[in-house]
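Results of the structural survey
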There are 2 protein chains.
Amino acid sequence: MKYLIRLLACLFVATNMAAQEKALTVEDLIPGGKNHANFIPKTDYKVQWYGDELLFSNENEAFIAHPQKPDGKKPLLTKSELNNLLNEKEISLNRLSFVSLDNHLFATVFLSAKEKQVYLDLKNKTVAFEIQRKKDWANTDFCTGNKRLAFTLKNNLYVSNPEGKIIPVAEDADPYIVYGQAVHRNEFGIMKGTFWSPDGNYLAFYRMDETRVGDYPLVDISKREAELKNIKYPMAGMTSHEVTVGIYELSTGKTVYLKTGEPKDRYLTNISWSPNEKQIYIAELNREQNHLQLNQYDVGTGEKVRTLLEEHNDRYVEPEHPLLFLKKTPEHFIWQSKRNGYNHLYLYDTDGKLIRPLTSGDYDITDVLGVDADEKHIFVVSNAVSPIEFQAYKVNLNTAQQTQITFEAGVHHPQPSLSGKYLLDRFSNRTTPLNVDLINTSVSAKVRPVRLQTAENPYKEYALPDISLGSVKADDGKTDLYYHLIKPADFDPAKKYPVVIYVYGGPHSQMIKNNWLASARGWSLYMAQRGYLVFSMDNRGTSNRGFAFESVTHRQLGVIETADQMCGVKFLQSLPYVDKERIGVHGWSYGGFMTANLMLRHPETFKVGVAGGPVTDWKYYEVMYGERYMDTPQENPEGYGQTDMNGLAGNLKGRFLIIHGDMDPTVVWQNSLSFLKACITARTYPDYFVYPGHGHNMGGVDRVHLHEKITRYFEDYLK
Amino acid sequence: MKYLIRLLACLFVATNMAAQEKALTVEDLIPGGKNHANFIPKTDYKVQWYGDELLFSNENEAFIAHPQKPDGKKPLLTKSELNNLLNEKEISLNRLSFVSLDNHLFATVFLSAKEKQVYLDLKNKTVAFEIQRKKDWANTDFCTGNKRLAFTLKNNLYVSNPEGKIIPVAEDADPYIVYGQAVHRNEFGIMKGTFWSPDGNYLAFYRMDETRVGDYPLVDISKREAELKNIKYPMAGMTSHEVTVGIYELSTGKTVYLKTGEPKDRYLTNISWSPNEKQIYIAELNREQNHLQLNQYDVGTGEKVRTLLEEHNDRYVEPEHPLLFLKKTPEHFIWQSKRNGYNHLYLYDTDGKLIRPLTSGDYDITDVLGVDADEKHIFVVSNAVSPIEFQAYKVNLNTAQQTQITFEAGVHHPQPSLSGKYLLDRFSNRTTPLNVDLINTSVSAKVRPVRLQTAENPYKEYALPDISLGSVKADDGKTDLYYHLIKPADFDPAKKYPVVIYVYGGPHSQMIKNNWLASARGWSLYMAQRGYLVFSMDNRGTSNRGFAFESVTHRQLGVIETADQMCGVKFLQSLPYVDKERIGVHGWSYGGFMTANLMLRHPETFKVGVAGGPVTDWKYYEVMYGERYMDTPQENPEGYGQTDMNGLAGNLKGRFLIIHGDMDPTVVWQNSLSFLKACITARTYPDYFVYPGHGHNMGGVDRVHLHEKITRYFEDYLK
């Protein structure tokens, strides 16, 4: 196994560590900690678009400015004015959110005691209108066109008008028939279950039938006598839920179900309305997840009209983005696909004809920001410059010509104004906490963006560890894998240090970016402060590196990822200041699975490991994510066998702590418990801990306890 | 706090340790270990009574001898003869058990493949008769009088005749109506749910209605998708089950339920038939467990005839023994009671008149062996000589005169012959593994018993640790508490040793006896071999020391027990070879609760603790045991508060490992999980481990893993 080292950025963080004294604590560095909020880079004012004008706000006041004169801020509203307007006492301006209604912009605020949502006309300082929104209404979805609010109560779906009159849309006495909620366990980009038509005449919604899905028993021990809380959890290869799509017409009160037909355990993803409300589009994927059809349905009859396009891949196809229709040429839409190896944009017409590819090349489009008002350009973000840098571009919709519009090396989070003439760019890199810049999308790179806000380094009084970025070659000998390496502030290259590897390594993740502190987590900084080197690296199988990079792990999750991580370990072992006898690893969820892989496949290398909420056997994981990467246990017994940590339990040599939440609905508890059982049978000796009442992740103040617990384990056995 | 030391036996175990080499392993010392059976003292032959003759048997052969000529053994049966008789291949003679049918003695053997139980006439080497007994029949209860077998299937009750014809006795479609099984969670000495009348004309049985008892959810993770296994678990203060008693008459097939009346959550204990089958007696206890009535019912009508006697105690009354009727004077029976402070025998008549107390004094009668054929004497065992010695006595039923019939210091397990003229005495003491002696009950102490068998010391090739017995004063300054102290075989009084305290400390227990190795557990020997001192002591609240000693803990479990254990700790700390900085504690169940008490009430004393299956809060414990000692949470909020380990979670300083089986139906998992939650909230850091698929105790080979796990924890943190 060969590796090459390419250091991208080995500069020390600029400030001088030695002169500083204050030590960071878990309360500072861990989310949920008492002081954690102080360590998130903050600007004096939040800046956002208000149409094409800039709105600056903090807790007490809001200003408005024109992008051409950003310094010419005009007072818009004060906290006391807001409270007078709402007849409230302590609403602060940073609680306002914004909504666009037919290009009229309103600020909204939810008054929980009054159970209403108020829409404010900020410029005229008036209440435009308000709607009822009861506290127990879930999955609320407000329609800008008709001022109706869709919501769910238990698993039924309702619509209310502004006066609070409630119309049932879909109800069922069986609690396992679920209406109006996200389906397919939030895979395929599905984050909600209701979809208003553009003018608000229809509400499309998901119906999910879970009656044939197995119950997984969770137990809530916080009750006087422990209570059963079943969840529906379809495991890989088992009977899954069945989804259909209903179209409710407001004027008639009638619902038409789309005739999506058999087999019923297909995935109906990325529901998209045609601008004229006559058609609806669904990206339909077979249960095997290797064949996609983009289908058009007739809203009036529910009949399928045509298949616009199909995509097939022997590994998998993963649609994640709805259609983006153009307004001026509503028969045209933009489709995102990895069909050519990377995520790119394609302009299609509604007959399914490809008009032109809009982007191409060996990089992923990672974000689509929107189309300008003229519909000449689409704004996107990609990592074309470097896998760990994210820059914005405008792409000409007619010529596909791409123009870079952000430049500073690092990670940009731009947001276009209503017209698209400007971008607000939240930017950071390894040494820059946060800048908010204003960019004119029509001018060239030579014009510097206007700096609107900048955040102070929240660590300026602390001895911040040193963070460097670099890359090593993957186990294939050619692919660059990016890492960050964190060293104690008082690092002495003549000493030997223990190393903790923090790993995730699963799909849909990228831990290493050139953003603030190179994405280093607070716990990594904490461990570096305690005298450890901390190393993290994105192996193959992770995101934003194209389909081949991501999908090479297909049917054998953990195998190639582990081999890649071992390339990182070899790099570490080549460093003179690394103590090869003291290498540890920690990860959560997929990272817990990776930790188990590293501990059990390389017991001679790792002295200590801590795995949180780990998958231990993919047969216990759910259908959607599980079968995409592993196929079913029936189809891929070798792969399931090869990746089953329980079968490797006898290899354990180092100290290995496994942690699980007892109500984990994502990686069910059975994973780590069955691993314990396998270790007991194999006569190996892991350690274990449980966070009662917690799900897949420990949130709130308990997260601080968790990280102190993990730290102590390394202090006990690795230090 | 004062203590006095009274060493009872400080002799080293006789053999010379230094010359020996072999080391003991967990496989030798822990039940479930590969070699564990080799370390149980064994005699060449099993000896048991065959009427008034002695039956010697091993795997291959059986002999018979008269007690007057015990050396004159005559061959009775060989393995091959047995196999020929049964038409089987590999039944060994040590698989025979014995049953008495109207004073005809038969050996029985269960042939599982044939699903039948065979009754053998050994002397004539014939099959006397056989009955059907299917594998799924549970709670089988064979009647010697009518050759009928009562059994349960699911929760229903049946009787079969020898030909296998099955008659339903009591059936219910509701699975929470349970017939013919032990009730009241096996408290009050209840070990079964069917009671044949003396001549076999009636079957009395329990009916338990659990429909209103809360479900406690256990989860079986061994299934492909974890499965719920609810148990009915009434927690202290909650709605309990309701029990009634039915009398099934074989000749008519009719069942009469005893009219036990209200309130329905009383305890119906110690069902006893009158010799003439006309009455049945029940020791009835109120839910508060402080008032007992011994009631007589009419078998024909189910009506209550009379209350024979009542017992009341502000703490609790705990009936544990059915009535023992005399045969020659069937209107007389023997009743056991602690009413006068210690467990003693009382001769009553069936009008409820006390004829005479049979025993009295400041000691407990711990076993009633039976009455001789002449009904002149009753044979009992008591610890009158010393709390840790158990000797047999015969008590004259007319004069209450007591005569000691075993003498050697130690623990005797005698069994009278059919006539009562002889006892077979299985005896051991600290240095004697096992002797089987024959005792003539009519001769005086001067006549030595006849030694029939003796077991070799199974540790003779090993460097066995040194075990001494002693006592310290309890926290009251006056009560003697007995301990054993185990020292490494190579103990050097000039060194400083770490100490592990193995604790139980709960009701119905006595850990310290002068029997083989002074009851030292294999793990204690193992730890001593690894260089620890191991100490165990019976605190107040444990058994066989009278009611006041046992019940002083009432409404405050753990408080006085902990204070007493600290007297043991003070004694240890006074020993020059004890390292005061390295004191650890381990216990299981009540002992886990005690470990938690010691760790949390005395955090400065204990560096390491391991608690298995611990109660942490008595509100999670069941009604019967819980309310006896603690009353209900509603009645005793202070007591529940004071004894709640979760409230002390913030005190934790030492290393504390908690271990639980994930299917524990006795001390439900909620106990240790809620304690973890309390520690997390209090920001303290216990350790944890789970044995998946196990109940309250880890059995089989996993018990070896468990003890290796526990050992490693002490090795990590106490050594």
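Worth saying up front: this structure is predicted, and the values here are computed from it rather than measured. (Residues numbered from 1 in each chain as written. Chains lettered and ligands numbered in written order. Predicted model: local features only at pLDDT ≥ 70, side-chain atom pairs only at ≥ 80, totals over all residues.)

1. Side note on the overall build of chain A
Helix and strand counts for chain A come out as 10 helices and 44 strands. In terms of C-alpha radius of gyration, chain A reaches 26 Å, essentially the compact-globule figure of 27 Å for 719 residues. Structurally, chain A occupies a C-alpha span of about 70 × 60 × 60 Å along its principal axes. The buried share of chain A, taken over its 719 residues, is 49%. In chain A, the share of contacts with a sequence separation of at least 24, taken over all contacts with a separation of at least 6, comes to 57%. (Helix = DSSP H or I, 4+ residues; strand = E, 2+ residues; numbered from the N terminus. Rg over C-alpha atoms; globule rule 2.2 N^0.38 Å. Buried ≥ 20, exposed ≤ 12 C-beta atoms within 10 Å, placed from the backbone. Contact = placed C-beta atoms within 7 Å.)

2. What to know about the sheet that holds strand β21 (residues 267-273) of chain A
Residues and elements named next belong to chain A. One open sheet accounts for 4 strands, arranged β21-β22-β23-β24; its pairing is antiparallel. Looking at strand neighbours, the two that pair on one side only are β21 and β24 (304-312), the edges of this open sheet. For this sheet the average axis-to-axis angle between neighbouring strands, irrespective of direction, equals 20 degrees. The sheet contact formed by strand β23 (residues 291-298) and β24 spans 7 bridges and is antiparallel. For His 291, the partnering residue across the bridge sits in β24 and is His 312. (Pairing = 2+ DSSP bridges. Axes fitted to C-alpha atoms, helices over the stretch in contact; angles between N-to-C directions.)

3. Some words on the packing of helix α5 (residues 559-574) of chain A against helix α6 (residues 590-601) of chain A
Residue and element names in this part refer to chain A. Contact pair α5 / α6: the axes reach a minimum separation of 10 Å and the direction vectors enclose 70 degrees. Comparing their axes, α6 and α5 come out roughly perpendicular. Contacts between α5 and α6 involve Glu 561, Thr 562 and Gln 565 on the former and, on the latter, Met 594, Asn 597, Leu 598 and Arg 601. Here the contact of α5 with α6 is composed, by residue class, of 2 nonpolar, 3 polar and 2 charged. (Parallel < 35°, antiparallel > 145°, perpendicular 65-115°, else oblique. Nonpolar A, V, L, I, M, F, W, Y, C, P; charged D, E, K, R; others polar.)

4. Considering the relation of the copies chain B and chain A
Each copy of the sequence occupies a distinct position, and chain B is placed on chain A by a rotation of 180 degrees and an axial shift of 0.0 Å, giving an RMSD of 0.0 Å. Those values place the two copies in the arrangement expected of a two-fold rotation axis. Ranked by how close their C-alpha atoms come to the rotation axis, the residues of chain B are headed by Tyr688(B), at 2.8 Å. The overlap is high: 100% of the interface residues of chain B also sit at the interface in chain A, so the same surface is used on both sides. (Least-squares fit on C-alpha atoms with pLDDT ≥ 70 in both.)

5. Considering helix α3 (residues 522-529) of chain B
Residues and elements named next belong to chain B. In terms of burial, α3 is a largely internal element, 7 of the 8 residues being buried. Every buried residue of α3 is listed here: Trp 523, Ser 524, Leu 525, Tyr 526, Met 527, Ala 528 and Gln 529. Each element contacted by the buried residues of α3 is listed here: α1 (26-29), β38 (480-487), β39 (497-503), β40 (533-537) and α10 (702-717). Just past α3, the residue Gly 531 takes up positive phi, approximately 105 degrees.

6. Describing the sheet that holds strand β29 (residues 365-371) of chain B
Residues and elements named next belong to chain B. Spatial ordering of the open sheet is given by β29-β30-β31-β32, a layout of 4 strands whose pairing is antiparallel. The two strands at the open ends of the sheet, each matched to only one other strand, are β29 and β32 (402-404). Sheet twist, expressed as the average angle between the axes of neighbouring strands with direction ignored, equals 30 degrees. Bridge analysis of β29 against strand β30 (residues 377-382) gives 5 bridges, and the strand direction is antiparallel. Opposite Ile 365, over in β30, you have Ser 382 as the bridge partner.

7. As for the interface of chain B and chain A
Facing the 30 residues of chain B at the interface are 30 residues of chain A. Breaking the side of chain B that touches chain A down by element, the ones donating at least two residues are β17 (215-220), α9 (670-682), β44 (687-691) and α10 of chain B. Per element, the largest residue contribution to the side of chain B that touches chain A is 6 residues, and it comes from α9(B). Per-class residue counts for the side of chain B that touches chain A are 17 nonpolar, 5 polar and 8 charged.

8. Some points on the environment of Glu581(B)
Residues and elements named next belong to chain B. By secondary structure assignment, the location of Glu 581 is in strand β41 (residues 578-588). C-beta crowding within 10 Å serves as the criterion here: with 10 such atoms nearby, Glu 581 is assigned to the exposed category. As a C-alpha pair, Glu 581 and Phe 606 span 25 residues in sequence and 8.0 Å in three-dimensional space.

9. Section: the domain arrangement of chain A
Residues and elements named next belong to chain A. One can read the domain layout of chain A as domain 1 (6-14 + 22-40 + 459-717), domain 2 (44-135) and domain 3 (366-455). Centre-to-centre separation of domain 2 and domain 3, based on C-alpha positions: 26 Å. Each partner contributes to the interface: domain 2 provides 8 residues, whereas domain 3 provides 12 residues. Looking at the side of domain 2 that touches domain 3 residue by residue, the class counts come to 5 nonpolar, 1 polar and 2 charged. (Domains from an automatic or database assignment.)

10. A word on the nonpolar core
One finds Val499(A) and Val499(B) to be the most contacted residues of the largest nonpolar core, which totals 221 residues. Once residues lying within four places of it in the same chain are set aside, the contact partners of Val499(A) are Tyr532(A), Leu533(A), Phe535(A), Leu572(A), Val578(A), Arg582(A), Ile583(A) and Gly584(A). (Core = buried A, V, L, I, M, F, W, Y, C linked by C-beta atoms within 7 Å.)

11. A closer look at α10(B)
With 16 residues, α10(B) should reach 22 Å at 1.5 Å per residue; the first-to-last C-alpha distance of 23 Å fits that figure. Along α10(B), the residues that are buried comprise Asp702(B), Arg703(B), Val704(B), His705(B), Leu706(B), His707(B), Lys709(B), Ile710(B), Thr711(B), Tyr713(B) and Phe714(B). (Expected span 1.5 Å × (residues − 1).)

12. Digging into the confidence of the model for chain A
Across chain A, the average pLDDT comes to 95, with 97% of residues at or above 70. Model confidence for the complex: the whole-complex pTM is 0.94, and ipTM, which rates the interface, is 0.94. (pLDDT = per-residue confidence, 0-100.)

13. What to know about the environment of Ala226(A)
Along the chain, Ala226(A) turns up in the loop between β17 (215-220) and β18 (227-232). According to the C-beta neighbour criterion, Ala226(A) is buried, with 23 such atoms within 10 Å. Once you skip the residues sitting within four places of it in the chain, Ala226(A) turns out to touch Val219(A), Asp220(A), Ile221(A), Tyr216(B), Pro217(B), Val668(B) and Gln670(B).

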